[in-house]
Amino acid sequence: MTDVARSNLLHFGVLLLLVVLYFILPDYHVGNLARILVLAIYAMGYNLLFGYTGLLSLGHALFFAAGMYGLGMSMQYWTFNPASGFVAGLALALVMSAAVGFLALRTSGVAFMIVTLMFAQAGYLTILYFGEYTRGDEGFVIQQAERTLAGIDLTGPMERYFAALILFSVCFIFIAYLVRSPFGRTLVAIRENEERAKMLGYDILRHKLKAVILSGVISGAAGAAYALLFGYAGATFATTQYSIFPLLWVLLGGAGTTIGPLIGVIFMFYLIDYSSSITTAYMLIAGLALVLLTLFAPQGLAGELRKRFFPWLP
Amino acid sequence: MDFGPHFLIASLEGAVTAAILALTAMGLSIVFGVMRVVNVAHGEFYMLGAVIAWWIATLVGVHPAFGFVVALIVAPVLVGLIAATADKLILQRIEYDPDRTIVGTIGLLYIIQQTTLMTFGPDARPVQPPFNTRLSIPWFEFGENGFQIIWPWGLGTTSYKLFVIVAAVVILTALWALMTRTKLGLIMRATQQDKEMAQAFGVPVDRVYAWVFGLGAGLAAMGAILVVPIQQAHYLMGHDPLLLSFIVVIIGGLGSLPGTVIAAVLIGMSDGIISVFFSPTLAKIIATLVVAMVLVFRPQGLLGKLNA
Amino acid sequence: MASLNILTTVGLTKSFGGVVANNNIDFVLPSGRIMALIGPNGAGKSTFVGMLCGRIAASSGSVFFDGKDISGLPAHKRIALGIAYTFQITSIFSGLSIHENVALAARRRLGSDVGRVNAQVADVLKRVGLENRSDQRAGDLSYGHQRVLEIAMGLAQQPRLFILDEPTQGLAESEVAEFNALIKSLAGETTILLIEHNMDVVMQVADHITVLDFGEILASGTPEEIRANSAVQAAYLGTSADA
């Protein structure tokens, strides 16, 4: 079987498994999985920039929040319906990622990290500053009645799960296709040896900018979906912590792999779920996980699998 | 109060902020300058300084001044040791690889912060200042009777705040002397200039790095200990100083120590002054965006070297 | 319609602060040639080549590629016009497979046509003798083979001008012989500009030599002419040749 066929089978298998899980799992876990799927979209967006292009951003919460508030505020104040709200969220995320891309890509390495961190921090503070409209840290609830799309009430557990799964599938397949395309391969080349890629004739800046924008819009889609499916928008989602989460998920699951982000979110979600029943200091687990990962398994779970057993893993 | 006295108060508060900030940011700057490491956990070492100072002051109990002095001596050393251990256990193992160091120090941040949460708890706890007399500041006016000295109500500071400013200056001067006049300082600067050459000359680079990492943490801890009688110890108190330190180090120029001091004074003063007259949130937004733009358009900051 | 001269420079100059590394160079490279650029250390060869491919910005002067003024173009655009470049210190994608290394080089021109890309890769790898290792990790190759891989990447671009910066440095004798054969086989297909220190290689392979010294062109001509040139000998040996 060719590598391409293997990889197609894997992706199809994962999606099929996710469909089946709805019918097997108890309600509590179905609800969790819906949340996990939306966060996995965020992780996949981040992975595109970090795992494949090699750019470490510490400010992706800006894009997630842009999607979240774009949808939330337009539905709240301009009575947008969910579909237009989603588009509004995407549009805002697009604007933010283009702006950050244009500015931040003039720097590299540590400076890039700090610039992205600063922009995200400014975003969070702006949400607080306009607290009159955004309700700041407290956030606001999007009414159940409004969350219907094409006649389907998205608040029901089945509808919510499959809405999340559909969006996840679209992004999952899109990214699987993208990383196999010449564009995706070039991103990897840039990560591996930027100077060499340049001297093969590739426009490095243009590629990086596209990567930032795609990454930002996908993250924004996750934010908008989160607000729509879980009915809430709040400033906590714009904090530095929410910029660090995708880094953690991607590292844990395997940076630069297509299934890594999903694995990472699942693992971390249940790890925190379990440890928060023991202590309020559950982020300690996250801290330990990060240190252990970077010491012993910098490739992450899927990455180690790929290194040792499955070199064809996309 | 009129503008003049108000501005004076704002400046005094700004000077205190600048003093603490200079110490804290200096720690970050030294670590980056010598080791080329961005320590995201730097704010947590700051917080540890305050928390350990609280423990010591509570244990010693006798008189606030005594407890405070003990804390000021012991806590930075403890924090420095913790930092040096982290360097040996984690950072040296990953050979200071840039991406892995960022991730590792983020992990360290959560470990320190959450362990503190588990042991110290979520509340903010005060520490008594060693001395704290109110000092009224006179103001001058040209009234109908000519030149007059008046004492506007509310225009004043405390002796402790003045002490903080003086202490910071003393510590920074001592640091400068250490870096430029002692053998240890020479070794540190040599290692910063050329790591391989230093090794060829028999300098134990690994140990120097552990020392430097510890020193950086210790400086931050000192800053927190000085501020804790004014502000209270809390497990989340490291977040803002971390961001501010980043801002200072970048504006001052990565790898430039004099730049750090100048930037700390500028930013500390303006943060204090702007916060008094405008909304602190707006001030922070502007400061954050300014930093980002400085990095984008003038990456070497005020006094830094390009490719630092 | 291809120009007679694939590459020319007019008054190309580079100064770093007070030091003039390249002084007003007028250089002509006829199409189809194998031209060697030689000169003592510090003559300014790397600076010159850096300005040709756009990695170093010129202080003044112009570069023309195939009749077109490329002086204002960034490096990647110049490469895209048909120039291939190998680094003085081999620069490949060590973490990727040999196949992918060459495919990346080919893909810029051939795009998403997987069939054509794979065919081009196979063709080039066969030519340089790496066809049995295409799945191997590039970083696991010996240094000599990595240099060959880099040349293969250049070939995969089907360049009109192939610039090689000290390509035989670090190669064993047998590898140098293979290299010479490979370069000679390219005559007519593309124009080659070599920076070289190894005079054996230069004499064997080049049909034209330009000598650089102190940032200026000292001499230019066929190998025999250069060998006989006393100014060149003086520059290299510090004395003039005995008859």
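Quantities reported herein were computed from a predicted structural model and do not represent experimental measurements. (Residues numbered from 1 in each chain as written. Chains lettered and ligands numbered in written order. Predicted model: local features only at pLDDT ≥ 70, side-chain atom pairs only at ≥ 80, totals over all residues. Heavy atoms only, no water.)

Observations concerning the sheet that holds strand β4 (residues 60-65) of chain C
Residue and element names in this part refer to chain C. Which entries qualify depends on this criterion: Between any two strands, pairing holds if DSSP finds at least two bridges. A helix here means a DSSP run of H or I that spans at least four residues, while a strand means a run of E at least two residues long, and both kinds are numbered starting from the N terminus. When checking whether two residues touch, look at their non-hydrogen atoms; a contact exists if any pair is within 4.5 Å. Helix axes are fitted to C-alpha atoms over the stretch in contact, other axes to C-alpha atoms as well, and angles between N-to-C directions run from 0 to 180 degrees.
Read across the open sheet, the four strands follow the order β2-β1-β4-β5; overall the sheet is antiparallel. Strands at the two margins of the open sheet, each flanked by one partner only, are β2 (19-30) and β5 (68-69). Sheet topology places strand β1 (residues 5-16) next to β2; eight bridges connect them, and they run antiparallel. Its bridge partner lying in β2, Ser15 is registered against Val20. Helix-sheet contacts for helix α1 (residues 45-53) involve β1, β2 and β4, and the interaxial angle to β1 is about 120°.

With respect to the interface of chain A and chain B
The following threshold applies: Two parts placed together each lose some accessible area; with a 1.4 Å probe, that loss summed over both constitutes the buried area. By the criterion applied in these results, polar contacts are pairs of N or O atoms within 3.5 Å in which, for protein atoms, one can donate a hydrogen and the other can accept it, and in which residues neighboring in sequence qualify only through two side-chain atoms. Each residue gets one of three labels, nonpolar for Ala, Val, Leu, Ile, Met, Phe, Trp, Tyr, Cys and Pro, charged for Asp, Glu, Lys and Arg, and polar for the others, Gly among them.
At the interface, 38 residues of chain A touch 37 residues of chain B. Of the roughly 3,400 Å² buried where chain A meets chain B, counting both sides, 83% is carbon and sulfur surface. Viewed at the interface, chain B and chain A are joined by three residue pairs in polar contact (both at pLDDT 80 or more). With 13 residues, helix α5 (residues 109-129) of chain A is the largest single contributor of residues to the side of chain A that touches chain B. By residue class, the composition of the side of chain A that touches chain B is 28 nonpolar, nine polar and one charged.

Description of the pattern of salt bridges
Which entries qualify depends on this criterion: The working definition used for a salt bridge is a side-chain nitrogen of Lys or Arg within 4 Å of a carboxyl oxygen of Asp or Glu. Exposure categories follow from relative accessible area, calculated using a 1.4 Å probe and restricted to protein chains: below 20% of the type maximum is buried, above 50% is exposed, and the middle band is partly exposed.
Counted by the stated rule, this structure contains 15 salt bridges over all chains. Note that Arg191 of chain A is salt-bridged to Glu192 of chain A, the shortest N-O span being 3.2 Å. On the basis of relative accessibility, which here comes to 33%, the residue Arg191 of chain A falls in the partly exposed class. Here Arg107 of chain C makes a salt bridge to Glu100 of chain C, at a shortest N to O gap of 3.2 Å. Classification of Arg107 of chain C as buried rests on a relative accessible area of 10%. Salt bridges sharing partners connect three or more residues here, namely Glu195 and Lys198 of chain A together with Arg55 of chain C.

Points about the nonpolar core
Applicable threshold: What is meant by a nonpolar core is a set of buried Ala, Val, Leu, Ile, Met, Phe, Trp, Tyr and Cys residues, joined one to another through side-chain atoms within 4.5 Å.
In this structure, Leu18 and Phe168 of chain A are the most contacted members of the largest nonpolar core, which totals 243 residues. The element contributing the most residues to this core is helix α2 (residues 27-52) of chain A, with 17 residues. Each residue touching Phe168 of chain A, except ones within four places of it in the same chain, is listed here: Leu15, Leu18, Leu37, Ala40, Ile41, Met44 and Leu262 of chain A. With 28 residues, the next largest nonpolar core counts Leu7, Ile25, Phe27 and Ile195 of chain C among its residues.

Focus: the arrangement of the chains
The interface with the highest contact count, out of two pairs of chains in contact, is the one between chains A and B. Note that chain B does not reach chain C: the shortest distance linking a C-alpha of one to a C-alpha of the other is 16 Å.

Regarding the packing of aromatic side chains
All names here are of chain A. Defined as follows: Stacked, edge-to-face and tilted labels apply to pairs of Phe, Tyr and Trp rings (six-membered ring for Trp) whose centres lie within 6.5 Å, assigned for plane angles under 30 degrees, over 60, and everything in between, in that order.
As enumerated under the stated definition, the model contains 33 aromatic pairs over all chains in all. Residues Tyr46 and Phe50 carry aromatic rings whose centres are separated by 5.8 Å and whose planes lie at 35° to one another, so their mutual orientation is tilted. Taken as a pair, Tyr46 and Phe50 lie in helix α2 at a separation of four residues, close to a single helical turn. Both rings, one in Phe269 and one in Tyr270, keep their centres 5.6 Å apart while their planes meet at 70°; by these two values the pair is edge-to-face. Phe269 gets classed as buried once you look at its relative accessible area, which sits at 19%.

Observations regarding the packing of α2 of chain A against helix α7 (residues 157-180) of chain A
All names here are of chain A. Stated precisely, the cut-off is as follows: The labels follow the angle: roughly parallel below 35 degrees, roughly antiparallel above 145, roughly perpendicular from 65 to 115, and oblique for the rest. Left-handed describes a crossing in which the near helix is turned anticlockwise from the far one by less than a right angle; the clockwise case is right-handed.
Orientation of α2 relative to α7, taken along the N-to-C sense of each, is 20°, at an axis distance of 9 Å. Between α2 and α7, the interaxial angle falls into the category roughly parallel. As α2 packs across α7, the resulting crossing turns out to be left-handed. Across from Val30, Gly31, Leu33, Ala34, Leu37, Val38, Ala40, Ile41, Met44, Leu48 and Tyr52 in α2, the residues of α7 making contact are Arg160, Tyr161, Ala164, Leu165, Leu167, Phe168, Cys171, Phe172, Ile175, Leu178 and Val179. Of the residues that constitute the contact of α2 with α7, the class distribution is 20 nonpolar, one polar and one charged.

Description of the environment of Tyr202 of chain A
Within the secondary structure layout, Tyr202 of chain A lies in the loop between α9 (194-198) and α10 (204-230). Given a relative accessible area of 7%, Tyr202 of chain A falls into the buried group. Residues Tyr202 of chain A and Ile190 of chain A lie 12 residues apart in sequence; the distance between their C-alpha atoms is 9.0 Å. In this structure the side chain of Tyr202 of chain A is engaged in a polar contact, spanning 2.6 Å, whose partner is the backbone oxygen of Leu104 of chain C.

Thoughts on the environment of Tyr85 of chain C
Mapped onto the elements of the fold, Tyr85 of chain C is located in strand β6 (residues 83-86). Separated by 70 residues in the primary sequence, Tyr85 of chain C and Leu155 of chain C have C-alpha atoms spaced 9.9 Å apart. Beyond its immediate chain neighbours, meaning those up to four positions away, Tyr85 of chain C contacts Arg196 and Met199 of chain A together with Val49, Cys53, Arg55, Ile79, Ile163 and Asp165 of chain C. Engagement of the side chain of Tyr85 of chain C in a polar contact is seen with the side chain of Arg55 of chain C, the distance being 3.5 Å.

Quick word on the layout of surface pockets
Think of a ball as big as a water molecule: rolled over the atoms, this probe shows where empty space is left. What counts is decided by this rule: Of the two site types, the cavity is a set of points on a 1 Å grid over the protein atoms alone where a 1.4 Å probe fits but cannot get out, and the pocket is an open set with protein on both sides within 12 Å along at least five of seven lines, each lined by residues with an atom within 4 Å of a point. Grid points are joined across faces, edges and corners, and a volume is the space filled by probe spheres set on the points.
Of the volumes computed, that of the second largest pocket is approximately 1,200 Å³. Contributing to the lining of the second largest pocket are 48 residues, with Thr239, Gln241, Tyr242 and Met283 of chain A together with Tyr110 of chain B lying nearest its centre. Of all elements in the fold, only α2, α5, α11 (240-253) and α12 (260-276) of chain A together with α4 (98-120) and α9 (239-252) of chain B reach the threshold of two or more residues within the lining of the second largest pocket. The biggest single contributor to the lining of the second largest pocket is α4 of chain B, with seven residues. Classifying every residue of the lining of the second largest pocket gives 33 nonpolar, 11 polar and four charged.

Observations concerning the side chain of Ser219 of chain A
Looking at the secondary structure, you find Ser219 of chain A in helix α10. Beyond its immediate chain neighbours, meaning those up to four positions away, Ser219 of chain A contacts Tyr42, Gly45, Tyr46, His60, Phe63 and Phe64 of chain A.

What to know about α4 of chain B
All names here are of chain B. Selection criterion: The span one expects for a helix is its residue count, reduced by one, times 1.5 Å.
Counted at 1.5 Å a residue, the expected span for α4 with its 23 residues is 33 Å, and the 32 Å between its end C-alpha atoms agrees. Summarising burial for α4: 17 of the 23 residues are buried, a large majority. Two or three places before Arg100, at the opening of α4, Asp97 has a side-chain oxygen 3.0 Å from that residue's backbone nitrogen.

Things to note about the interface of chain C and chain A
The interface of chain C with chain A comprises 24 residues on the first partner and 16 residues on the second. Taken together, both faces of the contact between chain C and chain A bury some 1,700 Å²; the carbon and sulfur share is 65%. Taken together, the connections running from chain C to chain A amount to two salt bridges. Going through the elements one at a time, α2 (75-80), β6, α3 (98-110) and α5 (143-156) of chain C are the ones with two or more residues in the side of chain C that touches chain A. At five residues, the largest contribution of residues to the side of chain C that touches chain A is made by α3 of chain C. Along the lines of polarity and charge, the residues of the side of chain C that touches chain A split into 12 nonpolar, seven polar and five charged.

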